[in-house]
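# Chain and residue survey
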Amino acid sequence: MEKDKKGYSRRDFLKTSGIATGAVIGGGLIGGLVGYNVKREGKTTAPEGGNKEGVPVQRQGGLKFFMSANEFNVISQATERIFPKDDLGPGAIELGVPFFIDNQLAGHYGSNAREYMQGPFYEGAPTQGYQSSLNRGEIFRQGIARLDEEAKKRFEKPFTELEGKQMDEILTAFQKDEVSMNGVTAEFFFKLLRMATLEGVYADPIYGGNTNMDAWRMKGFPGHHASYLQDIEKDTYLELEPKSVSEMGP
Amino acid sequence: MAKQLDKVDVVTVGMGWTGGIIAAECAKAGLKVKGLERGRDRGTSDYQVIHDELRYAIRYELMQDLSKETITFRNDRKMRALPMRQMGSFLLGEGLGGAGTHWNGMTYRFLPYDFQIKTETEKKYGKNKLSSDYLLKDWGITYDELEPYFDTFEKTIGLSGEDKNPFAGKRSSDYPTPPMKKTPILKMFEKAVSNLGYHPFMVPSANLSETYKNPDGEQLNACQYCGFCERFGCEYGAKSSPETTVIPTALKTGNLDIQFHANAVEIMKNGNKVTGVKYIDTQTREEFIQPADVVVLTSYVLNNAKLLMVSDIGEMYDPDTGKGTLGKNYCYQIEPGTSGFFKDKMNVFMGAGALGMTIDDFNGDNFDHADLDFIHGASISLTQSGNRPILTNPIAPDVPVWGEAFKKASIEGYPRNLFVFGQGASMPHKENFMSLDPVYKDAYGVPLLQLTYNFTQQDINLHQYIGDRTEEIMKEMGAETVVAGSPITDYDIVPYQSTHNTGGTIMGDDPADSVVNPYLQHWDADNLFAVSAGSFSHNSGYNPTGTLGALAYRCAEGIIKYSKQGGSLV
Ligand SMILES: Cc1cc2nc3c(=O)[nH]c(=O)nc-3n(C[C@H](O)[C@H](O)[C@H](O)COP(=O)(O)OP(=O)(O)OC[C@H]3O[C@@H](n4cnc5c(N)ncnc54)[C@H](O)[C@@H]3O)c2cc1C
Ligand code: SF4
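### Observations concerning the overall build of chain A
- The secondary structure content of chain A amounts to 9 helices and 0 strands.
- In chain A, the succession of α and β elements from N to C terminus is α-α-α-α-α-α-α-α-α.
- Within chain A, counting contacts between residues at least 6 apart in sequence, those at least 24 apart form 59% of the total.

### Remarks on the overall build of chain B
- Along its length, chain B carries 11 helices and 20 strands.
- Taking 2.2 N^0.38 as the reference for a compact globule, 570 residues should give roughly 25 Å; the C-alpha atoms of chain B span a radius of gyration of 23 Å, in line with that estimate.
- Out of the 570 residues in chain B, the part that is buried amounts to 62%.
- For chain B, contacts bridging at least 24 residues in sequence account for 75% of all contacts bridging at least 6.

### Concerning helix α8 (residues 186-202) of chain A
- Helix length check: α8(A) (17 residues) gives 24 Å between terminal C-alpha atoms against 24 Å at 1.5 Å per residue, within 8%.
- Counting buried positions along α8(A) yields 13 of 17 residues, so the element is predominantly enclosed.

### Concerning the environment of Ile280(B)
- Within the secondary structure layout, Ile280(B) lies in strand β11 (residues 273-281).
- Sequence separation between Ile280(B) and Gly445(B) is 165 residues, and the spatial gap between their C-alpha atoms is 11 Å.

### Section: the site of ligand 2
- The full set close to ligand 2 counts 14 residues, and Cys223(B), Cys226(B), Cys229(B), Cys234(B) and Ala352(B) are the nearest of them.
- When the residues that make up the shell around ligand 2 are grouped by side-chain class, the tally is 10 nonpolar, 3 polar and 1 charged.

### Some details on the nonpolar core
- Ranked by internal contacts, the top residues of the largest apolar core, which has 219 residues, are Val10(B), Ile22(B), Ala23(B), Phe529(B), Val531(B), Cys555(B) and Ile559(B).
- For Phe529(B), the contacting residues outside a window of four places in its chain are Val294(B), Val296(B), Leu297(B), Leu520(B), Gln521(B), His522(B), Cys555(B) and Ile559(B).

### Concerning the sheet that holds strand β18 (residues 447-452) of chain B
All names here are of chain B.
- With mixed pairing, 4 strands are arranged side by side in an open sheet as β5-β4-β18-β17. Edge positions in the open sheet fall to β5 (82-83) and β17 (433-441), since each of these has one partner strand only.
- Relative to β18, strand β4 (residues 71-74) is paired through 4 bridges, and the arrangement is parallel. Looking at the pairing, Ile71 lines up with Leu449 of β18.
- On top of the sheet, helix α8 (residues 300-310) reaches β4, β17 and β18; it is set at about 120° to β18, its chief contact.

### Things to note about the site of ligand 1
Residues and elements named next belong to chain B.
- For ligand 1, the set of nearby residues contains 42 residues, the closest of which are Gly14, Gly16, Gly98, Asn104 and Thr545.
- Of all elements in the fold, only α1 (17-28), β10 (262-270), α8 and α11 (545-565) reach the threshold of two or more residues within the shell around ligand 1.
- Residue composition of the shell around ligand 1, grouped by class: 15 nonpolar, 22 polar and 5 charged.

### A few points about the interface of chain B and chain A
- Contact with chain B, which involves 54 residues of that partner, is made by 52 residues of chain A.
- Among the elements of the structure, α2 (53-58), β5, α9 (404-413) and β17 of chain B are those that each provide at least two residues to the side of chain B that touches chain A.
- Element by element, the count of residues in the side of chain B that touches chain A is highest for α9(B), at 5 residues.
- Its residues assigned to classes, the side of chain B that touches chain A comprises 28 nonpolar, 13 polar and 13 charged.

### Quick look at the sheet that holds strand β6 (residues 201-202) of chain B
All names here are of chain B.
- Here 6 strands make up an open sheet; going across it, the order is β6-β14-β15-β16-β13-β19 and the pairing antiparallel. Edge positions in the sheet fall to β6 and β19 (481-484), since each of these pairs with one other strand and no more.
- Pairing between strand β13 (residues 337-341) and strand β16 (residues 417-424): 5 bridges, direction antiparallel. Of the residues in β16, the one forming a bridge with Gly340 is Leu418.
- The sheet contacts of helix α10 (residues 457-477) involve β13, β15 (378-385), β16 and β19, and relative to β16 the element is tilted by about 150°.

### Things to note about the confidence of the model for chain B
- On average, chain B scores 98 in pLDDT, and the residues at 70 or more come to 100%.
- Overall fold confidence (pTM) sits at 0.93, and the ipTM for the predicted complex is 0.96.

### What about the packing of helix α4 (residues 69-82) of chain A against helix α5 (residues 97-105) of chain A?
All names here are of chain A.
- For the pair α4 and α5, the least separation of the axes is 9 Å and the interaxial angle reads 120°. For the element pair α4 / α5, the angle class is oblique. The two elements α4 and α5 meet at a crossing, and its hand is right-handed. Contact residues: Phe72, Ile75, Ser76 and Thr79 in α4; Val97, Pro98 and Ile101 in α5.
- By residue class, the composition of the contact of α4 with α5 is 5 nonpolar, 2 polar and no charged.

### Focus: the environment of Ile141(B)
Residue and element names in this part refer to chain B.
- By the element assignment, Ile141 lies in the loop between α4 (117-125) and α5 (143-157).
- Linking Ile141 and Ala530, residues 389 residues apart in sequence, is a C-alpha distance of 16 Å.
- Not counting residues within four places of it along the chain, the set of residues in contact with Ile141 comprises Phe115, Leu146 and Pro518.

### Details of the pairing of strand β14 (residues 351-359) of chain B
All names here are of chain B.
- Buried residues dominate β14, accounting for 9 of its 9 residues.
- For β6 and β14, the ladder comprises 2 bridges, and the chain directions are antiparallel. Bridge assignment links Met202 to a residue of β14, and that residue is Met357.
- Bridge analysis of β14 against β15 gives 5 bridges, and the strand direction is antiparallel. Bridging across to β15, Thr358 finds its partner in Ser381.

### A closer look at unusual backbone geometry
- Note the cis peptide between Gly119(A) and Pro120(A), where omega equals 0°.
- In this structure, Pro120(A) sits in the loop between α5 and α6 (136-155).
- Positive phi, close to 60°, is recorded for Asp312(B), a residue that is not glycine.
- Relative to the assigned elements, Asp312(B) resides in the loop between α8 and β13.
- Positive phi, normally seen in glycine, also occurs at Asn329(B), with a value near 60°.
- Structurally, Asn329(B) is set in the loop between α8 and β13.

### Let's talk about the environment of Asn135(A)
All names here are of chain A.
- Locating Asn135 in the fold gives a position in the loop between α5 and α6.
- Separated by 34 residues in the primary sequence, Asn135 and Ile101 place their C-alpha atoms 14 Å from one another.
- Among all residues touching Asn135, those that are not within four sequence positions of it are Gly110, Ser111, Asn112 and Met117.

### Regarding the pairing of β16(B)
Residues and elements named next belong to chain B.
- With 7 of 8 residues buried, β16 lies mostly within the body of the structure.
- Bridge analysis of β15 against β16 gives 4 bridges, and the strand direction is antiparallel. The partner of Ala378 across the bridge, within β16, is Gly424.

### Description of α5(A)
- The buried fraction of α5(A) amounts to 8 of the 9 residues, a majority that puts the element mostly inside the structure.
- Looking only at α5(A), the buried set comprises Val97(A), Pro98(A), Phe99(A), Phe100(A), Ile101(A), Asp102(A), Gln104(A) and Leu105(A).

### Description of the packing of helix α6 (residues 184-195) of chain B against α10(B)
All names here are of chain B.
- At a closest axis distance of 9 Å, the pairing of α6 and α10 adopts a crossing angle of 110°. Accordingly, the angle class assigned to the pair α6 and α10 is roughly perpendicular. Taken as a pair, α6 and α10 cross one another with a handedness that is right-handed. Between α6 and α10, the residues in contact are Met188, Phe189, Ala192, Val193 and Asn195 and Ile473, Glu476 and Met477, respectively.

How each quantity is defined
- Residues numbered from 1 in each chain as written.
- Chains lettered and ligands numbered in written order.
- Predicted model: local features only at pLDDT ≥ 70, side-chain atom pairs only at ≥ 80, totals over all residues.
- Helix = DSSP H or I, 4+ residues; strand = E, 2+ residues; numbered from the N terminus.
- Contact = placed C-beta atoms within 7 Å.
- Rg over C-alpha atoms; globule rule 2.2 N^0.38 Å.
- Buried ≥ 20, exposed ≤ 12 C-beta atoms within 10 Å, placed from the backbone.
- Expected span 1.5 Å × (residues − 1).
- Near = placed C-beta within 6 Å.
- Nonpolar A, V, L, I, M, F, W, Y, C, P; charged D, E, K, R; others polar.
- Core = buried A, V, L, I, M, F, W, Y, C linked by C-beta atoms within 7 Å.
- Pairing = 2+ DSSP bridges.
- Axes fitted to C-alpha atoms, helices over the stretch in contact; angles between N-to-C directions.
- pLDDT = per-residue confidence, 0-100.
- Parallel < 35°, antiparallel > 145°, perpendicular 65-115°, else oblique.
- Left-handed = near helix turned anticlockwise from the far one by under 90°.

Here is the structure:
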């Protein structure tokens, strides 16, 4: 396995990010400790060409959708397993993904405001897509509770206290639809969770994830640049300092 | 009671590409036009914070609000049709400009062969090349008849291209602007397909290679290759869109009045004429009737068919008897392709919606089908439209889709991955059609349109053949790892494929076998026109809007003639 090759485990992650095993410190939030303590400058005053230091938007911590520290910590750990910190760079937690998801679930994404949610509801074939009567907020809330239940069932521990491998086992069970959920399949919840994680990793930092645009740096995506007219025919690979869309608008 | 408004000469339902073209031509000719658009007003000044993948490419900010209206879908008649609750397979437009705001801008002309596909196929391969379940049909118009209108549309949008495709129909004039820049990535494709003996050309692009003033006096700017193009509006006014071309042209005449937040729900009729359109103001929920001498449906393929169905105009297609025409010949497209991973990093984040190169060597009847178990083909392209990080996570098939291995592979793959793909033609089949859903309704109480669609054996065979060609090209390009696409099975409405829906209100020269005549004039009401790719009786191996634009210009000419002399145009 990838992980063993590099000899990198969740314990190492917790060590390098300054958090003791046990995940929850004084009832606090892992994402809060990691994500939000990373560089908190306000709107960038950087010169043209970008700013490696500052997150170009003012960010305030605090939850808008999740209600308990446990909900938040479960989602933090689950997203970190999906997009872990490694030698390439930060993982989901450090990138602020849990806060990103919290923000999204509190908005029209969470309530499926721009989607057709009228009944009657039937299961449908896979080719017919989303047919649940639950909105994404409800699916995440239930899914998180199920992750925790599954952890207790399999390992007699809350999800957040599991070893990385044990978390992976549970997430895989969801991915393979081996866990039952109400009104939606575990597989569907897993797909949502995976996609939301990637969105939080790579969306513009104005949404609360992709802290410091570090995910873009890892991937070599420079974010918003006004023009590539002068570069489009170049043979060389360009490493550009990323810029946020916040530099486009007011 | 619906409030009656003052009568106008022409009312259009929808202000996208087709509504914009009809409005501009009619308004220039002095006709008073009312444009009904269910969405909002918008233009270049609204696209100034547009470089945001999440908001525009994933949350579909510029597109249709499905909470108000969607369609239902099933693969076949035995299945229960269920609502398309989220967008996926295709992305519907809404608001000024329609899908023309956030299109890529690849603007092709269908092949001369397409317009006479039945005649040509029978002539060359006999009557039984495809089984009688395939409802192949000539369009009632030839490429040569349509050529002047292709020319007009291309000049209106300032199309950037090069006349290097040996398989294309004859052009009366060269492209209005030169092709876009040929990037190192495109050169890799060009070299590979040239080595294989094929004939590459730059994709005709409505992202303009240079500044351009169109014949109506509209100014378009030069594309900056910003990489946020398809699914986005252009902040530079460099992508030809209805709201940067035909709509301002129409407004300048003083003869176009656009009513926003106006959702059409019914076409009013009296005997064999239509009298106007009923719409609901989506902000106040008040009902209005807009009387007009001519009604033009320009509300995209799906709603054009739906409005005719709910207004009970024309005979519904019945797949059991083959009778009726409304809803018939719904077609789509197939997307065979091969992904390749290269050694060196490339600037995949730069690009433009229609920046690419194509070959037509395997499109239409440009190659011999005598020993093949399908007809038609696909354009095969490599495009560089700007790969954005949320939706671009290329990994080899043996890599897990999450976790550390995924992270590493997708980050490594991102700048090293290219994709060669075909846009495969789609042939009409008796079991693929549109009807009205008996259960589900939109926010205004009107039934949803129902889609019954699946890929057919023709699609599966064509997909395999074109897929193999894309794999050969990718190998020739020198990819270290070549990942061929998997064969198609059932049509799935979830993953994005293309917004190239066609059919349902097909055109032709025989009322028994078409909904509209070759001027897109309805057979049953001569003051009603239905303009959309719904008039295509099959779908070709290209994007549709070039051909649609040409048909819309020809239709506008017909409407102007009709408004002077009345009667059938054919
Ligand atoms: C992401 C994307 C990329 C594309 N790229 C290409 C490309 O590269 N090349 C190409 O050829 N094509 C492309 N297309 C397709 C192209 O956008 C369409 O072919 C074209 O816009 C169709 O024009 P239209 O006028 O028929 O419909 P639209 O442009 O969709 O306009 C229809 C309008 O009608 C309005 N409307 C609908 N129903 C009602 C109602 N009941 N009452 C009032 N108003 C209503 C809608 O709000 C909309 O504004 C792309 C599409 C998408 C989504
Ligand atoms: S790629 Fe070109 S045409 Fe497209 S949005 Fe950017 S500048 Fe406009």
